[in-house]
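Coordinate analysis (summary)
Below, each chain spelled out in residue letters.
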Amino acid sequence: MKLSPISETRIVNICWFLGGFVIGLSAMYVSIWFGPGLFAYALLIHRWFVSIKCPQCEKPVGWNPIRICGVTLLEWWTPWVPKKCRKCGTDLSLKKA
Ligand SMILES: [Zn+2]
């Protein structure tokens, strides 16, 4: 299945919210051992997210500068993806070739 980086990020976010919610509730009501499971799940989701890259320049699409009032504070993983690649300007809403 070929997806655009933006669609794939959307799916990662949905999986994270649904899965995190279910495992979080399980940790509270079923067994405390779901706690480490939630941590492992977070790592898994992060690995998936990090693997989503710009089809042109291979820059991870979730790695973006955080700007406030035009000043770049830092670069960090963001749960959103810009419409265009920050590095090469490729339209990230297009499907992978
Ligand atoms: Zn790029």
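An account of the accompanying structure is given in this report. (Residues numbered from 1 in each chain as written. Predicted model: local features only at pLDDT ≥ 70, side-chain atom pairs only at ≥ 80, totals over all residues.)

If you check the backbone angles, E58 has positive phi at about 70° while not being a glycine. As for its placement among the helices and strands, E58 is situated in the loop between α2 (34-50) and β1 (63-68). A residue is classified by how many C-beta atoms lie within 10 Å of it, and E58, with 10 of them, is exposed. (Helix = DSSP H or I, 4+ residues; strand = E, 2+ residues; numbered from the N terminus. Buried ≥ 20, exposed ≤ 12 C-beta atoms within 10 Å, placed from the backbone.)

Right, let's talk about the pairing of strand β2 (residues 71-77) for a bit. Where burial is concerned, little of β2 is hidden: zero out of the seven residues are buried. The sheet contact formed by β1 and β2 spans six bridges and is antiparallel. From the neighbouring strand, I66 faces β2, where its bridge partner is L74. Between β1 and β2, which pair antiparallel and follow one another directly, the connecting turn spans two residues, one of which, C69, has a positive phi of 55°. (Pairing = 2+ DSSP bridges.)

Turning next to the environment of K59. Structurally, the position occupied by K59 is in the loop between α2 and β1. For K59, a count of 15 C-beta atoms within 10 Å corresponds to the partly exposed category. In this structure, the C-alpha to C-alpha distance between K59 and R86, residues 27 residues apart in sequence, is 8.6 Å. Not counting residues within four places of it along the chain, the set of residues in contact with K59 comprises K53, C54, C85 and K87. (Contact = placed C-beta atoms within 7 Å.)

In this structure, F49, I52, C54, V61, V81, C85 and L92 together form the largest nonpolar core, which totals seven residues. Other than its neighbours up to four places away in sequence, V61 contacts P5, T9, I52, K53, C54, V81 and L92. (Core = buried A, V, L, I, M, F, W, Y, C linked by C-beta atoms within 7 Å.)

Moving on, we get to the packing of helix α1 (residues 5-29) against α2. What describes two packed helices is the angle between their axes and the distance between those same axes. In the contact formed by α1 and α2, the axes pass within 9 Å of each other and the chain directions differ by 175°. In terms of orientation, α1 lies roughly antiparallel with respect to α2. Contacts from V12, C15, W16, G19, G20, I23, G24, S26 and A27 in α1 reach F34, G35, G37, L38, Y41, I45, W48 and F49 in α2. Tallied by class, residues from the contact of α1 with α2 come to 11 nonpolar, six polar and no charged. (Axes fitted to C-alpha atoms, helices over the stretch in contact; angles between N-to-C directions. Parallel < 35°, antiparallel > 145°, perpendicular 65-115°, else oblique. Nonpolar A, V, L, I, M, F, W, Y, C, P; charged D, E, K, R; others polar.)

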